[in-house]
Amino acid sequence: MADTHVLFVEDDDVIREATQLALERDGFHVTAVPDGLTGLEKFRADRPDIALLDVMVPGLDGVSLCRRIRDESAVPVIMLSARADSIDVVLGLEAGADDYVTKPFDGAVLVARIRAVMRRFGHAGGSGAGDDAQSEGGLRTFGDLEVDTEGMAVFKRGEPVGLTPTEMRLLLEFSSAPGTVLSRDKLLERVWDYGWGGDTRVVDVHVQRLRAKIGQDRIETVRGFGYKLKG
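All figures in this text were calculated on a predicted structure; none of them were measured in a lab.

A. Spatial organisation of unusual backbone geometry. Lys 103 connects to Pro 104 through a cis peptide bond whose omega is -5 degrees. In this structure, Pro 104 sits in the loop between strand E5 (99–102) and helix H5 (107–122). Located in the positive-phi region is Met 152, a residue other than glycine, with phi close to 50 degrees. Within the secondary structure, Met 152 is located in the loop between strand E8 (145–148) and strand E9 (153–156).

So this is what it looks like as C-alpha cells:
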C-alpha cells in the first residue's frame, strides 16, 4: 500500500491534518483538501487510487463530488459522515460510493477499510464455487446476461454493461452459485472483506445499483434470508 495515493476531502482542519498524518504513517501518499471543488480539481489532475470524501464539505458536497467522480472513473470511494443517518449513508452509496465510515473514527479502522477496498479493486475475482450456470471457459450465461469471469466483463443482449469493481465482485459471487441464497452477512464478508459485523445497507444499495444495470428481475430478494441470482 506504500504507493497508494489517497485524495482526502475534509473541511475540518483538525480532522484533516490528524487523519492525513495517520495515513501517511501507514505508508499512504495523501492529498488533503478542504472543499469539494478543490477536491474535484485534484482528482482530475492527480488521478488518485482512492477518494475519501466527507459528506458535508463546502463548495461541492461529498455526495455530489462522488457522483462527479463516478461519472468519470471507477476509482474506489469511501464516504465519511458525522452521522450514521440513513439518508447520508444511502445517498452516498447511491451516488456510487463503495463504502462509508462514520465519524468519529479510529485511524486503524479507516486504514483497514481502505486496505479492504484496495484489495478487492486489485483483484475482482469471485469465489468461483458451485457454478450451475451454462458456462464455457470463463463465460457464465444467464439468459441474455453473460458474465466473462476471465475478462472481467459483463454483457446484456450482447452489449457491454459498465460495472464498478465492487458491483463486479458482487455479480461474480451471485453468478458462482445461481439459485443459491446468499445472506447479507456472507456478501459483506466475501465482497467487502468484512471480518466483523458491517452495515447491511451497503449490500442492499449495491444490489439495487446492480439490478438497475443487469435487469431488475435478475436478482431475487428472499425475505429474511438475502438474495439470489435467477439462473
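Anyway, onward from the coordinates.
B. Structural context of helix H1 (residues 13–25). Over its 13 residues, H1 runs 18 Å from end to end, which matches the ideal 18 Å to within 8%, given 1.5 Å per residue. Those residues of H1 not exposed but buried are Arg 16, Thr 19 and Leu 23. Down the axis of H1, the sector holding all buried residues measures 80 degrees, keeping them to one side. Exposed positions of H1 whose direction lies more than 90 degrees from the buried face are Val 14 and Arg 25. Of the surrounding elements, those touching the buried residues of H1 are strand E1 (5–9), strand E2 (29–33), strand E3 (50–54) and H5. The backbone nitrogen of Val 14 has a side-chain oxygen 3.0 Å away, supplied by the residue at the start of H1, namely Asp 12. Phi turns positive, to about 95 degrees, at Gly 27, one or two residues after H1.

C. Broad picture of the pattern of salt bridges. Under the definition given, this model contains 17 salt bridges. Close ionic contact of Glu 72 with Arg 44 constitutes a salt bridge, the shortest N to O distance being 2.6 Å. Note that Glu 72 is positioned in helix H3 (residues 62–72) and Arg 44 in helix H2 (residues 36–46), a separation of 28 residues in sequence. Look at Glu 72 and you get partly exposed, because its relative accessible area is 34%. In this structure, Asp 54 engages Lys 103 in a salt bridge whose closest nitrogen and oxygen atoms are separated by 3.1 Å. Taken together, the positions of Asp 54 in strand E3 and Lys 103 in the loop between E5 and H5 put the pair 49 residues apart, joining distant regions of the chain.

D. Region of interest: the sheet that holds E2. Sheet architecture is open: 5 strands sit in the order E2-E1-E3-E4-E5, paired in parallel fashion. In this open sheet, the two edge strands, each paired with only one partner strand, are E2 and E5. On average, each strand axis in the sheet is inclined to that of its neighbour by 20 degrees, with strand direction left out of account. Pairing geometry for E1 and E3, over 4 bridges, is parallel.

E. Just the side chain of Arg 211, in detail. Mapped onto the fold, Arg 211 is located in helix H8 (residues 201–214). Among buried charged residues, Arg 211 stands out as having no salt bridge; its nearest opposite-charge side chain is Asp 204, 7.7 Å away. Discounting residues that sit within four places of it in the chain, Arg 211 has contacts with Gln 216, Ile 219, Glu 220, Thr 221 and Tyr 227.

Basis of the calculations
Residues numbered from 1 in each chain as written. Predicted model: local features only at pLDDT ≥ 70, side-chain atom pairs only at ≥ 80, totals over all residues. Heavy atoms only, no water. Helix = DSSP H or I, 4+ residues; strand = E, 2+ residues; numbered from the N terminus. Expected span 1.5 Å × (residues − 1). Buried < 20%, exposed > 50% of the residue type's maximum accessible area, 1.4 Å probe, protein only. Arc of directions from axis to C-beta. Contact = heavy atoms within 4.5 Å. Polar contact = N/O pair within 3.5 Å; in protein donor to acceptor, adjacent residues only side chain to side chain. Salt bridge = Lys/Arg side-chain N within 4 Å of Asp/Glu carboxyl O. Pairing = 2+ DSSP bridges. Axes fitted to C-alpha atoms, helices over the stretch in contact; angles between N-to-C directions. Lys, Arg positive; Asp, Glu negative; His and termini not counted.

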